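Residues per chain, in single letters:
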2 protein chains.
Amino acid sequence: METFQLSEELLKKIADLILAKKNTPLKKIVKDVHFADMAEIINELNEDQGIYLIKLFDSEKTSEILTELNEDVREKILKALSVKEIADAFEELDSDDAADILGELSEKRKEEVISEISDNNLADDLKELLSYKEDSAGGLMAKELVLANENWSITKCLKEIKKQGENVTRVHSIYVVDDKQKLIGRLSLKDLIISPAKKLIKDIYIPKVDSVNVYEDGEEVAKIMSKYDLEAIPVVNNKKQLVGRITIDDIVDLIKEEAEEDYLLAAGVQGDVEADDSIFELTKARLPWLFLGLVGGLGSVFILEGFEEVMTHPSYKTLFFFTPLIAAMAGNVGVQSSAIIVQGLANDVVKGSLVSRLLKELGLSLINGFILGFLTILFGLATNLPIELSITISLSMLCVIVVAALIGTSVPILLDKKGIDPAIATGPFITTSNDIFGIFLFFYIAKIILGF
Amino acid sequence: METFQLSEELLKKIADLILAKKNTPLKKIVKDVHFADMAEIINELNEDQGIYLIKLFDSEKTSEILTELNEDVREKILKALSVKEIADAFEELDSDDAADILGELSEKRKEEVISEISDNNLADDLKELLSYKEDSAGGLMAKELVLANENWSITKCLKEIKKQGENVTRVHSIYVVDDKQKLIGRLSLKDLIISPAKKLIKDIYIPKVDSVNVYEDGEEVAKIMSKYDLEAIPVVNNKKQLVGRITIDDIVDLIKEEAEEDYLLAAGVQGDVEADDSIFELTKARLPWLFLGLVGGLGSVFILEGFEEVMTHPSYKTLFFFTPLIAAMAGNVGVQSSAIIVQGLANDVVKGSLVSRLLKELGLSLINGFILGFLTILFGLATNLPIELSITISLSMLCVIVVAALIGTSVPILLDKKGIDPAIATGPFITTSNDIFGIFLFFYIAKIILGF
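Rules used throughout
- Residues numbered from 1 in each chain as written.
- Chains lettered and ligands numbered in written order.
- Predicted model: local features only at pLDDT ≥ 70, side-chain atom pairs only at ≥ 80, totals over all residues.
- Helix = DSSP H or I, 4+ residues; strand = E, 2+ residues; numbered from the N terminus.
- Rg over C-alpha atoms; globule rule 2.2 N^0.38 Å.
- Buried ≥ 20, exposed ≤ 12 C-beta atoms within 10 Å, placed from the backbone.
- Contact = placed C-beta atoms within 7 Å.
- Domains from an automatic or database assignment.
- Axes fitted to C-alpha atoms, helices over the stretch in contact; angles between N-to-C directions.
- Parallel < 35°, antiparallel > 145°, perpendicular 65-115°, else oblique.
- Left-handed = near helix turned anticlockwise from the far one by under 90°.
- Arc of directions from axis to C-beta.
- Pairing = 2+ DSSP bridges.
- Least-squares fit on C-alpha atoms with pLDDT ≥ 70 in both.
- pLDDT = per-residue confidence, 0-100.
- Core = buried A, V, L, I, M, F, W, Y, C linked by C-beta atoms within 7 Å.
- Nonpolar A, V, L, I, M, F, W, Y, C, P; charged D, E, K, R; others polar.

Undergrad: Any chance you could break down the overall build of chain A for me, citing the residues and the numbers?
TA: For chain A, the helix and strand inventory stands at 21 helices and six strands. Here the C-alpha atoms of chain A give a radius of gyration of 30 Å, more than 25% beyond the 22 Å that 2.2 N^0.38 yields for 452 residues. Projected onto its principal axes, the C-alpha positions of chain A cover 90 × 65 × 45 Å. Per-residue burial for chain A yields a buried fraction of 45% across its 452 residues. Of the contacts made within chain A by residues no fewer than 6 positions apart, 69% connect residues no fewer than 24 positions apart.

Structure, rendered in structure tokens:
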């Protein structure tokens with residue numbers, strides 16, 4: 001299987017057919033295109049073309065395309081669809097997907113769509129799902145699941161599953177509840193098939209079942225499911241009653257989104273932006289971190305002013321040429337240290353005390369610092385730098401590297417202990433503070449050694 | 001459900017019981033601990049304790065714990081286990097997990113373990129799996145799957161599935177093959193249950209089935225499975241014969257690993273390292289990028305030397321105080337631009353020509369540059385900087401920001417076009433080159449404006 005590659009040709013052909021309103025050849029072309037690929041096509045078309053195209057499909061395909069569209073394109077398409085068309089599409093979707101899209105509508109439109117939905121159960125389910133926070137277990141779960149009462153016979157259970165199964169895209173487990181809807185166990189479809197038909201569910205179910213609370217944080221759910229290799233997990237309310245289930249495909253999306261946000265955050269880009277977002281949104285995501293860099297940079301102006309007298313010294317003024325090197329080293333080392341710690345904290349591999357962690361980082365940065373310092377002395381020899389200046393620069397740089405590593409290591413650990421996401425520490429925050437600190441330390445140590 | 005939290009107390013209790021060789025209470029404590037949590041405990045114990053503990057379990061539990069251990073701990077444990085013990089453990093595992101662990105053994109030990117495995121099918125499967133590259137579809141797939149021949153009746157199929165199902169942890173789809181083992185379609189377990197029992201498989205199977213070639217790159221498989229929301233995908237050889245299947249839990253691990261590597265790479269840490277790795281491994285991962293930073297920093301020494309005469313000018317020497325600011329701005333902007341492009345390329349959202357992309361970045365960086373430049377002029381007014389100097393600094397900085405953004409945008413796109421992973425462009429590579437370029441540009445433009 002090849003991933004679908006959207007060609008300029010195909011796009012042009014589709015756009016031309018839309019322009020000429022030739023629906024029959026258009027339908028023929030898009031008939032066998034997977035809905036995820038169809039969404040890619042619509043993402044690329046202009047607004048009117050996209051709306052024209054999506055109106056060609058029945059509500060089942062429309063609904064699936066809607067779930068895969070880029071958020072800004074979906075917003076425009078939803079505006080062009082009637083309340084009835086949206087409601088029809090929702091009736092084809094799993095409740096979690098429908099709730100996600102519904103959440104993007106205005107309050108007024110939300111209510112209109114819900115009241116247009118003919119299936120009362122679905123309307124109630126959507127209202128319930130909307131009441132949970134987006135990134136909580138409740139916000140991630142779907143209401144569709146297959147459950148069995150412990151008092152059913154296997155025959156009755158099989159019949160019920162056939163009925164319930166029609167609404168469920170994939171059956172992972174059959175959840176077993178008591179008469180009060182309390183989750184008490186599970187039943188695998190495989191076990192159900194290979195068991196003798198006469199038994200009761202209470203005789204054959206597995207009483208051990210993992211579940212998460214409906215208010216649990218989504219990231220925590222992802223951790224649990226990926227650690228224990230679960231493909232689905234039931235969700236219970238505070239009374240331990242079964243209220244929904246989360247499947248691994250939603251978790252895959254969550255893991256990818258979180259990873260992307262962390263990646264961008266480490267590069268000084270805040271929030272959930274993409275290359276295709278508007279200039280305004282991208283500026284909003286980037287400017288705050290650049291502002292932080294500006295403040296840091298202006299701060300280092302003062303520090304360098306404090307060492308102004310060095311500039312008039314015949315050979316010590318060379319120190320000023322090394323400021324970008326020192327700033328770069330302090331920044332690079334700090335970002336390395338913090339990235340490793342942030343990653344380690346996310347994977348729970350940062351064990352032991354802060355002190356032992358810092359000792360390790362001390363050793364590591366001493367090794368790196370000595371090697372880099374030695375190379376700098378060689379550079380000094382090659383460029384005829386006075387030897388006492390070379391040694392001074394190398395020693396100060398060594399100190400800067402050690403301190404930068406210790407800051408990069410301790411800041412995320414301390415943030416994590418205070419319950420703040422340590423990911424914000426990597427990137428501009430560490431770079432900026434290490435820049436200032438590194439430059440100050442460099443000149444200060446040089447001053448002590450050289451005695452100016 | 002709570003994630004298991006490994007307490008110091010529990011760890012101490014277990015270590016004490018191991019020391020006292022009190023197996024009965026020890027077994028009682030660990031009886032209900034999930035194997036993933038058990039692995040966490042063993043990761044924390046010292047080598048001898050871990051080996052003592054793992055030998056208490058039967059081969060089923062041992063095998064599952066082995067799959068979850070940290071790689072370095074697993075290496076030690078495997079050394080302490082006999083060839084027979086490892087072979088027994090492998091017989092309990094899915095073939096993909098067994099092959100992954102087997103791949104970590106020395107060539108000699110590999111052969112010994114394989115020849116000790118009593119199940120000839122498994123031995124052959126493992127040999128086959130080891131022949132594929134680790135990150136290819138073949139390296140990710142398991143041999144366990146449930147298949148049906150198109151000529152079987154539903155009754156025969158159900159009987160076969162019961163038999164085959166015993167070896168398969170989770171049944172996602174039943175793959176349908178012809179007499180030559182060629183994959184021709186699929187059958188969902190649900191469909192099988194709700195179909196009338198008399199039909200033949202060829203009457204009810206779904207002829208549309210996604211599959212990947214056994215040599216396909218793992219990242220590509222992850223993209224396909226996550227885009228099309230697949231929980232399992234069959235793997236075929238060049239003759240289109242069914243040879244295995246990949247499940248979503250392996251893909252979750254792959255996605256997480258890739259994201260972690262990209263994150264660390266952007267921070268200048270190369271390769272698959274963790275906070276708990278040895279100082280030597282961490283140095284190997286960090287030093288090369290620091291060396292790059294050193295070369296860049298030493299390069300900027302020459303650039304600054306070239307503008308040495310500015311140092312003697314009564315007011316223009318202030319420019320030197322701004323070098324860390326300029327370097328930071330060039331670095332930060334470049335990293336932001338490249339991170340957004342790298343992320344966009346990975347998600348296939350970077351569309352359109354390089355020129356249109358650069359025009360957008362031009363607009364974006366002009367906005368950011370003007371705002372930051374304006375703030376810098378305010379700073380100059382507040383600190384009594386001569387106004388022509390403030391304006392010069394702001395204008396030069398604006399140019400640096402624009403150029404840094406354009407470099408940050410074009411480098412990953414060009415790398416990607418040349419088939420090189422654009423992720424290496426974010427981080428130290430862009431920071432370092434933008435540092436040098438930014439400082440040069442800053443002084444050069446200042447020189448033109450101020451005419452020194």
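Still more to cover.
Undergrad: Residue-level account of unusual backbone geometry, with values.
TA: If you check the backbone angles, glutamine 181 of chain A has positive phi at about 70° while not being a glycine. The residue glutamine 181 of chain A is located in the loop between strand S2 (173-177) and strand S3 (183-188) in this model. Given 15 C-beta atoms within a 10 Å radius, glutamine 181 of chain A is considered partly exposed. The backbone of lysine 21 of chain B sits at a positive phi, close to 50°, despite the residue not being glycine. A residue is classified by how many C-beta atoms lie within 10 Å of it, and lysine 21 of chain B, with 8 of them, is exposed.

Undergrad: Residues and numbers for the domain arrangement of chain A, please.
TA: Domains assigned within chain A are domain 1 (8-136), domain 2 (147-248) and domain 3 (279-450). The centre of domain 2 of chain A, based on its C-alpha atoms, is set 53 Å off from the matching centre of domain 3 of chain A.

Undergrad: Hey, could you go over the packing of helix H18 (residues 323-346) of chain A against helix H19 (residues 323-346) of chain B for me, with residue numbers and the actual values?
TA: Viewed as axis vectors pointing N to C, H18 of chain A and H19 of chain B meet at an angle of 45°, and their least axial separation amounts to 9 Å. Taken together, the axis directions place H18 of chain A and H19 of chain B in an arrangement best described as oblique. Crossing hand, H18 of chain A versus H19 of chain B: right-handed. Contacts between H18 of chain A and H19 of chain B involve Thr323, Pro324, Ala327 and Ala328 of chain A on the former and, on the latter, Thr323, Pro324, Ala327 and Ala328 of chain B.

Undergrad: Can you break down helix H7 (residues 83-92) of chain A residue by residue, with the values?
TA: Residue and element names in this part refer to chain A. Listed as buried for H7 are Ile86, Ala87, Ala89 and Phe90. All buried residues of H7 lie within an arc of 160° about the axis, which places them on one face of the element. As for H7, its buried residues are in contact with helix H5 (59-68), helix H6 (71-80), helix H8 (95-102) and helix H9 (107-116).

Undergrad: Describe the environment of alanine 137 of chain B, and please don't skip the residues or the numbers.
TA: All names here are of chain B. With respect to the secondary-structure elements, alanine 137 resides in helix H11 (residues 137-140). For alanine 137 and glycine 244, which are 107 residues apart along the polypeptide, the C-alpha to C-alpha distance reads 9.2 Å. In this structure alanine 137 touches Val212, Asn213, Val214, Tyr215, Glu216, Gly218, Val221, Val235 and Ile246, once residues within four positions along its chain are discounted.

Undergrad: With reference to specific residues and values, describe the sheet that holds strand S5 (residues 232-236) of chain A.
TA: All names here are of chain A. Across the sheet, which stays open at both edges, the three strands sit in the order S4-S5-S6 with mixed pairing between neighbours. Of all the strands in the sheet, the pair left with one neighbour each is strand S4 (212-213) and strand S6 (242-247). Examined bridge by bridge, S5 and S6 share five bridges and lie antiparallel to one another. From the neighbouring strand, alanine 232 faces S6, where its bridge partner is threonine 247. Where helix H15 (residues 218-227) meets the sheet, it contacts S4, S5 and S6, and its direction lies at approximately 140° from that of S5. Relative to S6, helix H16 (residues 248-266) is tilted by about 60°, and along the sheet it contacts S5 and S6.

Undergrad: Hey, could you go over the relation of the copies chain A and chain B for me, with residue numbers and the actual values?
TA: Its rotation angle being 180°, the transformation that places chain A on chain B also includes 0.0 Å of axial translation and leaves an RMSD of 0.1 Å. On this basis, the relationship between the two copies can be described by a two-fold rotation axis. Take the interface residues of chain A: 100% of them recur as interface residues in chain B, which is what a same-surface contact looks like.

Undergrad: Describe the sheet that holds strand S5 (residues 232-236) of chain B, with residues and values.
TA: All names here are of chain B. As summarised here, the arrangement of the three strands in space is S4-S5-S6, forming an open sheet in which the pairing is mixed. The outermost strands of the open sheet, each flanked by one partner alone, are strand S4 (212-213) and strand S6 (242-247). Judged from the two bridges that link them, S4 and S5 form a sheet pairing that is parallel. Bridge pairing in S5 places asparagine 213 opposite valine 236. Sheet contacts for helix H15 (residues 218-227): S4, S5 and S6; angle to S5, the most-contacted strand, approximately 140°. Its contacts with the sheet place helix H16 (residues 248-266) against S5 and S6, and it is angled at close to 60° to S6.

Undergrad: Give a detailed account of the confidence of the model for chain A, specifying residues and quantitative values.
TA: When pLDDT drops low, the exact placement of atoms in the prediction is not to be read closely. Residue and element names in this part refer to chain A. The predicted model of chain A has a mean per-residue pLDDT of 89, with 97% of residues at 70 or higher. Across chain A, the secondary-structure element scoring lowest on mean pLDDT is helix H13 (residues 189-194), at 73, and the one scoring highest is S4, at 95. As scored by the predictor, the complex reaches a pTM of 0.83 and an ipTM of 0.82.

Undergrad: How would you sum up the nonpolar core? Please name residues and give values.
TA: Grouped together as the largest cluster of nonpolar side chains are 123 residues, with contacts concentrated most on Ile326 and Ile401 of chain A together with Ile326 and Ile401 of chain B. Leaving out residues up to four positions away in the same chain, isoleucine 401 of chain A has contacts with Met329, Val333, Ser365, Asn368, Gly369 and Leu372 of chain A. Membership of the second largest hydrophobic core comes to 75 residues, among which are Ile174, Leu242 and Ile251 of chain A together with Ile201 of chain B.

Undergrad: Requested: an account of the interface of chain A and chain B, with residues and values cited.
TA: Interface size is commonly expressed as the accessible surface area that is lost when the partners come together. Counting residues at the interface gives 94 residues for chain A, matched by 95 residues for chain B. Considering each element in turn, the side of chain A that touches chain B owes the most residues, 16 residues, to helix H17 (residues 279-306) of chain A. Class assignment for the residues of the side of chain A that touches chain B results in 52 nonpolar, 20 polar and 22 charged.

Undergrad: Quick one: what's the story with the packing of helix H1 (residues 8-19) of chain B against helix H2 (residues 23-30) of chain B, residue by residue and with numbers?
TA: Residues and elements named next belong to chain B. H2 packs onto H1 with a crossing angle of 150° between their chain directions and a minimal axis gap of 9 Å. Comparing their axes, H2 and H1 come out roughly antiparallel. Read as a crossing pair, H1 and H2 show a hand that is left-handed. Facing H1, whose interface residues are Ile14, Leu17 and Ile18, H2 presents Pro25, Leu26 and Ile29. Considering only residue class, the contact of H1 with H2 consists of six nonpolar, no polar and no charged.

Undergrad: How would you sum up the environment of alanine 142 of chain A? Please name residues and give values.
TA: All names here are of chain A. Relative to the helices and strands, alanine 142 resides in the loop between helix H11 (137-140) and strand S1 (147-149). What makes alanine 142 buried here is the crowd of 24 C-beta atoms within 10 Å. Taking the C-alpha atoms as reference, alanine 142 lies 41 Å from alanine 20; in sequence the two are 122 residues apart. Those residues in contact with alanine 142, other than ones at most four positions away along the chain, are Asp94, Ser95, Asp96, Gly244 and Arg245.

Undergrad: Any details on the environment of glycine 138 of chain A? Residues and values, ideally.
TA: Residues and elements named next belong to chain A. Following the sequence through the fold, glycine 138 ends up in helix H11. Along the primary structure glycine 138 and glycine 244 are separated by 106 residues, whereas in three dimensions their C-alpha atoms are 7.9 Å apart. Setting aside chain neighbours within four positions, we find glycine 138 in contact with Leu129, Tyr132, Val214, Tyr215 and Val235.

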